[in-house]
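Each chain, written out:
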Amino acid sequence: MIIKSLDHLRLISNKIADNVSEKDCIFLIGEIGVGKTTFTRNFINHLQKQKGVKETEVLSPTFNLLYEYDIKNLKVMHYDLYRIKNSKDLDQLGIFKENFSSIKIFEWPELIETNLENRLELHLKYSNNENERELNIVGHGKWKDINKNEL
C-alpha cells in the first residue's frame, strides 16, 4: 500500500485506533524519519479526542525509552527501543513481566522475541516520491484478517 500524504497516514492510524483494544501491540518497523512517531502521535491524539481528553504532545521516547498516556480507561505505552542493543538489555526493562491491560506501541521492535498474540506490524519504507511511504501490514491474532483495503 502507498501512503500518499500525512493526512492519509492520519486516516490509517485513526482506523487502527478505532479497532484497538487492551493488550494489543503495534510494532512500527522502518528507518529513521519514515513516519513511526507520526503514526503514534495521530493514533494517541485520535484516542484522546474520542475519549474527550485534551490532546497532548506526543514525542518519540528515544531517550526515555517509554512515554505513558492515560486516556480515561485506556493506557497506551509508547516504547522506542532504538538504543536497546541486545535481548539482555530488553529483558532488563521488564516490558512483558507485568500484565498491564495496556496498548503497547513499539518503535524499533526487532529484538522482541516474545510471541505476542494480538500484534499488528506496520512496515514503513521510503517511496520513490519523497512525500509518500510504502506500508506493508502484517497482522497476528485478532489482526490476522485485517482488511488492508479498508485503510
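Everything here concerns the structure above.
Residues numbered from 1 in each chain as written. Predicted model: local features only at pLDDT ≥ 70, side-chain atom pairs only at ≥ 80, totals over all residues. Heavy atoms only, no water.

Caption draft 1: Spatial organisation of the nonpolar core. Among the nonpolar cores identified, the biggest contains 27 residues, and I16, I26, F43 and L122 are the most heavily contacted of them. Those elements giving two or more residues to this core turn out to be α1 (6-19), β2 (25-29), α2 (36-50), β3 (66-71), β4 (74-80), β5 (103-107), β6 (119-126) and β7 (133-139). Those residues within four positions of I26 in sequence are excluded, and the remaining contacts are I16, F39, F43, K104, I105, F106, L120 and L122. Counting residues in each nonpolar core, the second largest holds 14 residues, with M77, L81, W108 and L116 among its members. (Core = buried A, V, L, I, M, F, W, Y, C linked by side-chain atoms within 4.5 Å. Buried < 20%, exposed > 50% of the residue type's maximum accessible area, 1.4 Å probe, protein only. Helix = DSSP H or I, 4+ residues; strand = E, 2+ residues; numbered from the N terminus. Contact = heavy atoms within 4.5 Å.)

Caption draft 2: Highlighting α1. Spanning 14 residues, α1 covers 20 Å between terminal C-alpha atoms, matching the ideal 20 Å at 1.5 Å per step. Of all the residues in α1, the buried ones are H8, L9, I12, S13, N14, I16 and A17. Next to the buried residues of α1 lie β1 (2-3), β2, α2, β6 and β7. Taking the backbone nitrogen of D7 as reference, a side-chain oxygen 3.4 Å away marks S5 as the first, capping residue of α1. (Expected span 1.5 Å × (residues − 1). Polar contact = N/O pair within 3.5 Å; in protein donor to acceptor, adjacent residues only side chain to side chain.)

Caption draft 3: Fine view of the pattern of salt bridges. Under the definition given, this model contains 6 salt bridges. Between D24 and K142 there is a salt bridge; the shortest N-O distance is 2.7 Å. Here D24 is found in the loop between α1 and β2, whereas its partner K142 is found in the segment after β7, with 118 residues between them in sequence. Given the relative accessible area of 39%, K142 is considered partly exposed. With its nearest N and O atoms 3.0 Å apart, the salt bridge here joins K75 to E68. The partly exposed category is assigned to K75, whose relative accessible area is 22%. (Salt bridge = Lys/Arg side-chain N within 4 Å of Asp/Glu carboxyl O.)

Caption draft 4: Representation of the side chain of E121 within the structure. Note that E121 resides in strand β6. A polar contact is formed between the side chain of E121 and the side chain of R119, at a distance of 3.0 Å. Side chain to side chain, E121 and H123 meet in a polar contact 3.0 Å long. Those residues in contact with E121, other than ones at most four positions away along the chain, are F27, I29, N136, I137, V138 and H140.

Caption draft 5: Molecular detail of the packing of aromatic side chains. Inspection of the entire model under this criterion finds 4 aromatic pairs. Joined through ring pairs, the aromatic side chains of F27, Y79 and F106 make up one cluster. The ring of Y82 carries K85 above its face, with NZ or CZ at 5.2 Å from the centroid. (Phe/Tyr/Trp six-rings, centres within 6.5 Å; stacked < 30°, edge-to-face > 60°. Lys NZ or Arg CZ within 6 Å of the ring centre and 35° of its normal.)

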